[in-house]
Amino acid sequence: MAEPSRTLDDLLRARLELCGRISAAQARMVTCQQLAFGNQIAALAERRQSPHAGEAAETTGRDDGLQTTITALETEIDQLERELAAVDQQIAAQRTS
């Protein structure tokens with residue numbers, strides 16, 4: 001959370017930084033989601049050609065790792081958005097005073 005003594009310029013810089021971090025985390029999350037979707041398609045294609053339990057287990061392990069990463073990124077994005085909301089409140093307060 002931002003300190004009350006920060007200037008409007010400081011708050012705007014902090015806001016810009018938070019927006020960049022949110023955007024980067026969202027991009028990483030989309031990439032992970034695309035990889036997970038690609039793995040699911042590949043697993044379906046493999047099962048149609050030759051159903052082997054070992055291949056399915058390997059794909060599931062990769063998907064679990066991606067899902068863990070996606071969940072962590074969702075948590076990070078939520079936290080960054082809360083920080084952004086706090087900075088936005090401080091910006092609004094600075095502008096009205």
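Up top you'll find the structure we're talking about.
One structure accompanies this document, and this report is about it. (Residues numbered from 1 in each chain as written. Predicted model: local features only at pLDDT ≥ 70, side-chain atom pairs only at ≥ 80, totals over all residues. Heavy atoms only, no water.)

**Concerning the nonpolar core**
Thinking step 1. With eight residues, the main nonpolar core is built from Ala25, Met29, Cys32, Ala36, Leu66, Ile70, Leu73 and Ile77.
Thinking step 2. Elements with a minimum of two residues in this core: helix H1 (8–49) and helix H2 (53–96).
Thinking step 3. Residues within four places of Ile70 in sequence aside, it is in contact with Met29, Cys32 and Gln33.
Thinking step 4. By size, the runner-up hydrophobic cluster in this structure holds seven residues, among which are Leu11, Leu80, Leu84 and Ile91. (Core = buried A, V, L, I, M, F, W, Y, C linked by side-chain atoms within 4.5 Å. Buried < 20%, exposed > 50% of the residue type's maximum accessible area, 1.4 Å probe, protein only. Helix = DSSP H or I, 4+ residues; strand = E, 2+ residues; numbered from the N terminus. Contact = heavy atoms within 4.5 Å.)

**Side note on the environment of Ala36**
Thinking step 1. Its location among the elements puts Ala36 in helix H1.
Thinking step 2. Sequence-wise, Ala36 and Asp63 are 27 residues apart; in three dimensions their C-alpha atoms are separated by 5.8 Å.
Thinking step 3. Other than its neighbours up to four places away in sequence, Ala36 contacts Asp63 and Leu66.

**A word on H1**
Thinking step 1. Taking 1.5 Å as the rise per residue, H1 with 42 residues should run 62 Å; its terminal C-alpha atoms sit 61 Å apart, in good agreement.
Thinking step 2. Along H1, the residues classified as buried are Leu11, Ala14, Leu18, Ile22, Ala25, Met29, Cys32, Ala36, Asn39 and Ala43. (Expected span 1.5 Å × (residues − 1).)

**Concerning the pattern of salt bridges**
Thinking step 1. Counted under the stated rule, the structure contains four salt bridges.
Thinking step 2. One salt bridge connects Asp88 with Arg15, and the closest N-O pair in it is separated by 2.5 Å. Here Asp88, found in helix H2, pairs with Arg15, found in helix H1; they are 73 residues apart in sequence, far enough to count as distant.
Thinking step 3. For Asp88, a relative accessible area of 27% gives the class partly exposed. (Salt bridge = Lys/Arg side-chain N within 4 Å of Asp/Glu carboxyl O.)

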